[in-house]
Amino acid sequence: MTTLDPITLQVIREGLISLCRSMGHAMSRAAYSPILSEGFDFSCALFDSQAEMVAQAEFNPVHLGSMPYAVEWSIKEIGVENLEPGDVILHNDSFRGGTHLTDFTMMAPVFYDGVLVAIPAVRGHQIDIGGSAPGGFPGDATEVFQEGIRCPPIKIHRAGVEATDVWKLLLANVRLPRVVHGDFRAMFGAIKVAERRVIEYCEKYGVEVFAQAHADIKDYSERRMRAEIAKLPDGVYEAEDFLDDDGIAPGRIRIACRLIIDGDVVVTDFLGTDPQCRGPVNATFGVTASQVYTVLFQMTDPRMPSNHGAFRPIKIFAPPGTMVNANYPAAVFGGNTETSSRIMDVLHRCFAQAVPERAIGGCFGTCHNFTAGSRHPEEGDYSIIYVYHEGGWGGRVSGDGLTAEINPVGNDKNQPVEIFESHFPWLYEEYSLNEDSAGAGQTRGGLGIRQRMRLLSEEGVINLISERFELPPTGALGGTSPRPSPCGHYNDFRLKRPTDEDFVHVTEAFGTVSPSKFARKVIPKGTIVENVTIGGGGYGDPFTRDPEAVRDDVRDGYVSRQAAKELYGVVVSGSGEIDMRGTDALRRKGTSDVAAG
Amino acid sequence: MHCEGKEPLMSPPDRAGLEEFSAGSKYDEILQKCHLCGRMITSHPIVHDVEGISQDFDSSQCIEDLQRYRTRFNELFVDE
């Protein structure tokens with residue numbers, strides 16, 4: 001069959017993206033957990049009969065880049081010949097295309113006139129999936145088994161009949177079975193929305209045209225991606241960055257990448273990356289691939305339709321047994337959120353050499369995952385929170401970095417305070433911007449945040465997997481890294497129990513190896529936990545920043561007067577006006593604390 | 001004996017059953033990866049009658065890529 005006419009193809013292509021968005025809307029409205037209903041920690045995509053992604057909606061990048069591997073693996077492991085109408089498959093195995101165990105992928109083959117025509121899939125973060133830490137993120141895990149129940153591809157519906165025994169087994173191993181079951185049903189609803197829409201397409205266009213559209217959509221994306229890559233200068237670009245530690249033992253962990261641009265092909269080779277570690281920050285192949293795909297879109301044309309075709313010109317070498325492709329049964333919970341972020345940083349630095357005009361300062365470099373379990377003092381139910389924190393993104397040529405945004409690997413949304421407090425036994429005492437947390441530059445980084453929450457339950461169990469406590473995000477093209485937060489580290493976590501005189505780090509309170517990774521620490525009622533995130537790195541020489549922009553930052557409380565003077569060479573008076581003479585003198589002198597090193 | 005003349009509640013397993021049991025489980029979780037690029041390889045290839053189906057991982061392509069991009073990367077852009 002020849003390719004479709006451009007208009008029909010465009011109508012179907014946009015329609016399939018709309019289909020994926022509709023899945024997401026159904027998902028968010030039906031979900032029980034605020035992680036999904038408010039935070040949108042899920043993703044929706046449509047795969048064709050060849051188990052290749054043809055459309056996705058703009059949800060979570062780390063899900064969307066790895067989901068193709070999970071779907072491909074699941075269909076191969078179960079076997080296409082064993083699929084029937086009404087089947088629904090569930091899967092969360094990190095070593096079969098998954099990310100971390102709380103991220104479940106649900107998919108279903110859709111048949112029309114007995115022919116497999118599509119496979120809609122949704123990946124959603126479950127609030128708890130068993131394991132040693134309530135809510136997941138056990139910062140001390142050394143094996144995947146400590147991180148929760150591992151589910152290879154299994155049918156949870158067989159020919160339309162729900163496999164209730166499978167549900168029993170699964171839900172018996174989680175702490176909040178009603179919530180988790182509700183969220184799984186929301187995922188099922190999203191699948192059903194997609195199924196209806198796929199059938200409508202088949203009725204309207206016929207199976208052959210629908211299948212041809214899938215092939216054409218992928219080819220179109222491949223052409224677009226190859227054309228974009230061809231615009232980049234050929235060459236070899238290398239960069240490295242480090243994780244603070246693995247939570248088990250002190251010591252930095254190297255992530256290295258060599259980017260090769262060769263005509264219309266891009267190669268990312270992670271040779272030189274450290275071997276996989278004992279702690280829970282190992283990334284799986286799917287996680288690494290997600291970051292590669294995401295950065296390629298960031299550095300080319302983000303409007304390109306993201307599907308299997310766009311991935312064809314991108315080659316990934318992720319040596320097995322390393323931090324970017326851990327082997328079973330490594331602990332991987334934080335690889336999806338922390339190492340992924342470092343992989344993105346390394347790729348950004350490689351691309352900054354190839355296309356400096358698209359360079360960007362480093363972001364705060366973590367999802368700063370705080371989870372806690374406690375019994376609600378009034379309702380008596382066990383409750384679990386998962387708070388991923390906002391921070392600052394890096395400055396770039398087009399403007400300052402974004403302030404108080406979720407890490408770019410996740411693209412999730414903030415869980416509003418009102419929703420949070422109405423669900424959980426925690427009271428917000430502070431939620432503010434972290435002044436002077438941004439790296440300086442012609443365009444500065446965005447700001448991080450400071451959040452303080454008081455536990456209202458009699459007792460709570462807390463866990464954390466975070467990063468960039470010791471090493472700051474970097475600036476780009478003369479922009480600077482942020483200074484450490486006032487509490488000591490860059491990103492930070494402290495707590496104040498009723499018996500503590502002041503806030504203390506967990507290394508002091510509990511004797512943990514790492515200040516950024518721990519699990520199952522018990523805190524009493526009234527304890528205040530403090531989560532702090534840093535801002536992004538700056539872009540360009542800070543002394544070239546418009547003095548009026550610096551003045552506005554001082555007035556808005558983003559930058560202190562002292563920092564304005566030291567970092568930008570701008571003197572702002574106590575009344576908030578620019579002292580032009582003092583500023584000129586400082587800038588002519590051309591020195592600052594930063595420049596002086 | 002109280003069970004005299006009655007079938008025991010649990011019959012002793014026959015020899016064949018014991019041998020099968022002693023042979024152990026054959027369960028094996030296939031989680032193979034290409035040792036060159038690291039991508040997963042399933043042991044269950046897709047059986048499908050649609051042309052252009054996803055191909056199982058082809059390591060010959062991987063060898064070619066590695067020769068081109070890793071072994072010779074230093075000379076790659078000098079040669080051309």
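How each quantity is defined
- Residues numbered from 1 in each chain as written.
- Chains lettered and ligands numbered in written order.
- Predicted model: local features only at pLDDT ≥ 70, side-chain atom pairs only at ≥ 80, totals over all residues.
- Heavy atoms only, no water.
- Helix = DSSP H or I, 4+ residues; strand = E, 2+ residues; numbered from the N terminus.
- Rg over C-alpha atoms; globule rule 2.2 N^0.38 Å.
- Buried < 20%, exposed > 50% of the residue type's maximum accessible area, 1.4 Å probe, protein only.
- Contact = heavy atoms within 4.5 Å.
- Lys, Arg positive; Asp, Glu negative; His and termini not counted.
- Charge placed at Lys NZ, Arg CZ, Asp CG, Glu CD.
- Areas by Shrake-Rupley, 256 points an atom, 1.4 Å probe, with all protein chains shown as cover.
- Expected span 1.5 Å × (residues − 1).
- Core = buried A, V, L, I, M, F, W, Y, C linked by side-chain atoms within 4.5 Å.
- Pairing = 2+ DSSP bridges.
- Axes fitted to C-alpha atoms, helices over the stretch in contact; angles between N-to-C directions.
- Salt bridge = Lys/Arg side-chain N within 4 Å of Asp/Glu carboxyl O.
- Parallel < 35°, antiparallel > 145°, perpendicular 65-115°, else oblique.
- Left-handed = near helix turned anticlockwise from the far one by under 90°.
- Nonpolar A, V, L, I, M, F, W, Y, C, P; charged D, E, K, R; others polar.
- pLDDT = per-residue confidence, 0-100.

### Some points on the overall build of chain A
- In terms of regular secondary structure, chain A is built from 14 helices and 20 strands.
- The C-alpha radius of gyration of chain A comes to 24 Å, within 12% of the 25 Å expected for a compact globule of 597 residues.
- Viewed in the frame of its principal axes, chain A has a C-alpha envelope of about 80 × 60 × 40 Å.
- Put simply, chain A has 597 residues, and 64% of those count as buried.
- When contacts within chain A are restricted to residue pairs at least 6 apart in sequence, those whose partners lie at least 24 apart make up 73%.
- For chain A, the distance from the average position of its 57 positive side-chain charges to the average position of its 79 negative side-chain charges is 1 Å.

### Let's talk about the overall build of chain B
- The number of helices and strands found in chain B is three helices and two strands.
- Sequence-ordered secondary structure for chain B, helices as α and strands as β, is α-β-β-α-α.
- Burial status across chain B gives 19% buried among its 80 residues.
- Carbon and sulfur atoms make up 55% of the accessible area of chain B, which totals about 6,500 Å².

### Digging into helix 7 (residues 285-299) of chain A
- If you check helix 7 of chain A, its first and last C-alpha atoms are 21 Å apart, about what 15 residues at 1.5 Å a residue would give, namely 21 Å.
- For helix 7 of chain A, the tally of buried residues reaches 14 of 15 residues, placing the bulk of the element in the interior.

### Some details on the nonpolar core
- Among the nonpolar cores identified, the biggest contains 132 residues, and Leu 16 and Ile 316 of chain A are the most heavily contacted of them.
- For Leu 16 of chain A, the contacting residues outside a window of four places in its chain are Leu 46, Val 54, Ala 55, Tyr 201, Phe 210, His 214 and Ile 217 of chain A.

### Notes on the sheet that holds strand 13 (residues 369-375) of chain A
Residues and elements named next belong to chain A.
- Pairing is antiparallel across the open sheet formed by four strands, whose spatial order is 14-13-17-19. If you trace the sheet from one side to the other, it starts and ends with strand 14 (382-388) and strand 19 (517-524), each paired once. Put simply, the sheet's adjacent strands are angled 15° from each other on average, direction ignored.
- Pairing between strand 17 (residues 459-465) and strand 19: six bridges, direction antiparallel. Residue Val 461 lies in a different strand from strand 19, and its bridge partner there is Val 522.

### Topic: the sheet that holds strand 11 (residues 265-269) of chain A
Residue and element names in this part refer to chain A.
- Taken in spatial order, the four strands of this open sheet run 9-10-11-12, and their pairing is mixed. Two strands close off the open sheet at either side, each with one partner strand: strand 9 (235-245) and strand 12 (314-317). The sheet shows a mean angle of 15° between the axes of neighbouring strands, direction not considered.
- Note: strand 9 against strand 10 (residues 250-262), 10 bridges, orientation antiparallel. Bridge assignment links Asp 241 to a residue of strand 10, and that residue is Ile 255.

### Comments concerning the pattern of salt bridges
Residue and element names in this part refer to chain A.
- The final tally for this structure, using the stated rule, is 46 salt bridges over all chains.
- For Arg 342, the salt bridge goes to Asp 345, with nearest N and O atoms at 2.9 Å. Linking Arg 342 with Asp 345, this pair stays in helix 9 (residues 339-354), spanning three residues, or about one helical turn.
- Residue class for Asp 345 comes out buried when judged on its relative accessible area of 6%.
- Here Arg 342 ties to Glu 467 by a salt bridge, and the two come within 3.8 Å at their closest N and O atoms. Taken as a pair, Arg 342 in helix 9 and Glu 467 in the loop between strand 17 and strand 18 (492-496) lie far apart in primary sequence, 125 residues in all.

### A look at unusual backbone geometry
Residues and elements named next belong to chain A.
- Pro 329 follows Tyr 328 through a cis peptide bond whose omega is 5°.
- Mapping Pro 329 onto the fold places it in the loop between strand 12 and helix 9.
- The backbone of Asp 436 shows a phi angle near 60°, a positive value even though the residue is not glycine.
- Assignment of secondary structure puts Asp 436 in the loop between strand 15 (426-433) and strand 16 (449-455).
- Take Asp 436: its relative accessible area is 26%, and that puts it in the partly exposed class.
- The backbone of Arg 520 shows a phi angle near 55°, a positive value even though the residue is not glycine.
- One can find Arg 520 in strand 19.
- The class for Arg 520 is partly exposed, based on a relative accessible area of 36%.

### Let's talk about the packing of helix 4 (residues 164-171) of chain A against helix 5 (residues 177-205) of chain A
Residue and element names in this part refer to chain A.
- Between helix 4 and helix 5, the least distance of the axes is 10 Å, while the angle of their chain directions is 135°. The orientation of helix 4 relative to helix 5 falls into the category oblique. Both helix 4 and helix 5 take part in a crossing whose hand is right-handed. For the pair helix 4 and helix 5, the contacting residues are Trp 167, Leu 170 and Leu 171 in the first and Pro 177, Val 180, His 181 and Phe 184 in the second.
- Residue classes in the contact of helix 4 with helix 5 are distributed as six nonpolar, one polar and no charged.

### Considering the confidence of the model for chain B
Residues and elements named next belong to chain B.
- Summary statistics for chain B give a mean pLDDT of 60 and a share of 32% for residues scoring 70 or more.
- Averaged over each element, pLDDT in chain B is lowest for helix 3 (residues 73-79) (52) and highest for strand 1 (residues 32-33) (80).
- Predicted confidence is poor over residues 44-56, with pLDDT under 50, and the contacts of this stretch with residues over four places away or in other chains come to 23 contacts.
- Predicted as a complex, the structure gets a pTM of 0.92 and an ipTM equal to 0.79.

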